[in-house]
Amino acid sequence: MKKLLVLSALTISLTSLAGCQSDTNDRFTDLERGSKRFSISTDKDTNCKYLVYARGNKSGITPLLTSDVMPDCSK
């Protein structure tokens, strides 16, 4: 339950930032595309992995967490 609350809080805060327009194309790389809606991206600066959702004009981004409930920023 704790993991779900942390993940939900991060999703809400990061989703609000997802609407900001910036040049992030050079910073993120797609690792895997599971479907048309979901992909896993890596931040080149921090090496952290994110789950990205995009459908129409709705989108969201949330960090992937390790089993210790820490962001997955492994090399």
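The structure we're discussing is the one just above.
Residues numbered from 1 in each chain as written. Predicted model: local features only at pLDDT ≥ 70, side-chain atom pairs only at ≥ 80, totals over all residues. Heavy atoms only, no water.

1. Side note on the overall build of the protein
Here is step 1: Scanning the protein from N- to C-terminus turns up 1 helix and 4 strands.
Here is step 2: When the helices and strands of the protein are read in sequence order from the N terminus, they spell out α-β-β-β-β.
Here is step 3: Going through the 75 residues of the protein one by one, you find that 15% of them count as buried.
Here is step 4: Accessible area for the protein stands at about 5,800 Å²; split by element, carbon and sulfur atoms hold 57% of it. (Helix = DSSP H or I, 4+ residues; strand = E, 2+ residues; numbered from the N terminus. Buried < 20%, exposed > 50% of the residue type's maximum accessible area, 1.4 Å probe, protein only. Areas by Shrake-Rupley, 256 points an atom, 1.4 Å probe, with all protein chains shown as cover.)

2. Brief notes about the pattern of salt bridges
Between side chains of opposite charge, pairing is possible as soon as their charged atoms come close.
Here is step 1: On inspection of all chains with the given rule, the structure shows 1 salt bridge.
Here is step 2: Two residues, Asp72 and Lys49, come together in a salt bridge whose shortest N-O distance is 4.0 Å. Here Asp72, found in the segment after strand S4 (58-63), pairs with Lys49, found in strand S3 (residues 49-55); they are 23 residues apart in sequence, far enough to count as distant. Here Asp72 and Lys49 have matching classes, each one buried. (Salt bridge = Lys/Arg side-chain N within 4 Å of Asp/Glu carboxyl O.)

3. Overview of the environment of Ser35
Here is step 1: You can see Ser35 is positioned in the loop between strand S1 (28-33) and strand S2 (38-43).
Here is step 2: Distance in space between the C-alpha atoms of Ser35 and Tyr53 is 9.7 Å, their sequence separation being 18 residues.

4. Observations regarding the environment of Thr66
Here is step 1: Following the sequence through the fold, Thr66 ends up in the segment after S4.
Here is step 2: Of the residues examined, Thr66 reaches a relative accessible area of 31% and is grouped as partly exposed.
Here is step 3: Setting aside residues up to four positions removed in sequence, Thr66 forms contacts with Pro71 and Asp72. (Contact = heavy atoms within 4.5 Å.)

5. Here's the deal with the pairing of S4
Here is step 1: Relative to S4, S3 is paired through 6 bridges, and the arrangement is antiparallel. Bridge pairing in S4 places Val52 opposite Ile61.
Here is step 2: Taken together, S3 and the strand that follows it, S4, pair antiparallel across an intervening segment of 2 residues, in which Gly56 is found at a positive phi of about 65°. (Pairing = 2+ DSSP bridges.)

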